[in-house]
Amino acid sequence: MTNIESTDYLRTELKQIERWEQDQKGLFFWEKLGRLPFAILDRITPKFIQDKIGTALDELGSYVQSGGRYLISKEQMYRKFFPNAERDEAVSLERIGHLPLSRMDEMADRIIQSGSKTATVQGATTGFGGIFTLAIDIPLLLGISLKALQEVAISYGYDPTEQTERVFIVKCLQFSSADIVGKKAILDDLAVFQSGERSGQVMSQLQGWREVMLTYRDNFGWKKLFQMIPIAGMLFGAYLNRSTLQDVAETGKMMYRKRRILEKLSES
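Thresholds applied
- Residues numbered from 1 in each chain as written.
- Predicted model: local features only at pLDDT ≥ 70, side-chain atom pairs only at ≥ 80, totals over all residues.
- Heavy atoms only, no water.
- pLDDT = per-residue confidence, 0-100.
- Contact = heavy atoms within 4.5 Å.
- Core = buried A, V, L, I, M, F, W, Y, C linked by side-chain atoms within 4.5 Å.
- Buried < 20%, exposed > 50% of the residue type's maximum accessible area, 1.4 Å probe, protein only.
- Helix = DSSP H or I, 4+ residues; strand = E, 2+ residues; numbered from the N terminus.
- Phe/Tyr/Trp six-rings, centres within 6.5 Å; stacked < 30°, edge-to-face > 60°.
- Lys NZ or Arg CZ within 6 Å of the ring centre and 35° of its normal.
- Axes fitted to C-alpha atoms, helices over the stretch in contact; angles between N-to-C directions.
- Parallel < 35°, antiparallel > 145°, perpendicular 65-115°, else oblique.
- Left-handed = near helix turned anticlockwise from the far one by under 90°.
- Nonpolar A, V, L, I, M, F, W, Y, C, P; charged D, E, K, R; others polar.

Time to look at the confidence of the model for the chain. Looking at the chain, pLDDT values average 77 and 69% of them are 70 or higher. The low-confidence segment residues 33-37, where pLDDT is below 50, has 14 contacts with residues more than four positions distant or belonging to other chains. Within the model, the stretch residues 199-203 combines pLDDT values under 50 with six contacts to residues more than four positions away or in other chains.

Tyr 63, Ile 96, Leu 146, Tyr 156, Met 255 and Tyr 256 are the most contacted members of the largest nonpolar core, which has 55 residues in total. Of all the elements, helix H8 (residues 131-155) adds the most residues to this core, at nine residues. Contacts of Ile 96, omitting those with residues within four sequence positions, involve Tyr 78, Phe 81, Phe 82, Met 104, Ile 154, Ser 155, Tyr 156 and Gly 157.

What follows is about the packing of aromatic side chains. Counting across every chain of the model gives five aromatic pairs. Measuring from ring centre to ring centre gives 6.3 Å for Phe 81 and Phe 82, while their planes differ by 40 degrees; the resulting arrangement is tilted. The exposure class of Phe 81 is buried, given its relative accessible area of 5%. Here Phe 82 falls in the buried class, since its relative accessible area comes to 12%. Between the NZ or CZ atom of Arg 95 and the centre of the ring of Phe 82, over which it lies, the distance is 3.7 Å. Directly above the aromatic system of Tyr 158 lies the positively charged group of Arg 259, at a separation of 4.2 Å from the ring centroid.

Here the focus is the packing of helix H5 (residues 74-81) against helix H7 (residues 101-127). The packing of two helices is summarised by the inter-axis angle and the distance between the axes. Two elements in contact, H5 and H7, have axes separated by 11 Å at closest approach and are oriented at 125 degrees. Judged by the inter-axis angle, H5 sits oblique to H7. H5 and H7 meet at a crossing whose hand is right-handed. Contact residues: H5 offers Met 77, Lys 80 and Phe 81, while H7 offers Arg 103, Met 107 and Ile 111. Looking at side-chain class alone, the contact of H5 with H7 contains four nonpolar, no polar and two charged residues.

Below, the discussion takes up the side chain of Asp 159. Mapped onto the elements, Asp 159 comes out in the loop between H8 and helix H9 (163-175). When near neighbours in sequence (up to four residues on either side) are disregarded, Asp 159 contacts Lys 74, Leu 93 and Glu 165.

Next comes the structure, spelled out in structure tokens:
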């Protein structure tokens, strides 16, 4: 399928994404406060919960290095785009990349909607037991977030099984919870991908994966304090996990959408 979008249309869509990037650079007052309580939480949180957080850090490192247990099936996503494809047909993400942008957007929106529902149910379930179930909430939410970002990547024709794409995905995860300075730095990092310059500089960022997860965790801050209250934590957990997943997935959509638009423009 050929690229049927006009250059003017693609440039207009690109400007909308750039406006979105500018909007993301603001940091609300309560988001600044949200980074403070974890210094206190680390002192009062039981050791078994801290161990679970440490496990999540290790799992994220495994994901960056090898995909770990979070790597999803490309075949399943491919069949969603081409349900009539033969069973033995080779998965071609390049074929997805040549679909109209609107078709990619439609699939990405479905992923965000589905992931939000899953995160809501998971947040309510783990929020019911307060601090005792909070230990499993963070690793589960991490898994849901990584799954959604990988599916968004495939929706725009990119292969999340490649290590460089996993770096991109983790950067999207980091961007959604970074402050204004961090967002600017991450946008600069992501621009390397968007320009096609996948240099050693990008691969060297593999060493910074632990900082990514620490930033991701710290963003919970006072928000997760409320989830530590038994039973009432159901409501907070459902809302917070839903909003977290939506922010993460929206970031992935915008960043991958921008890359695809730039590639389509370069081919036009």
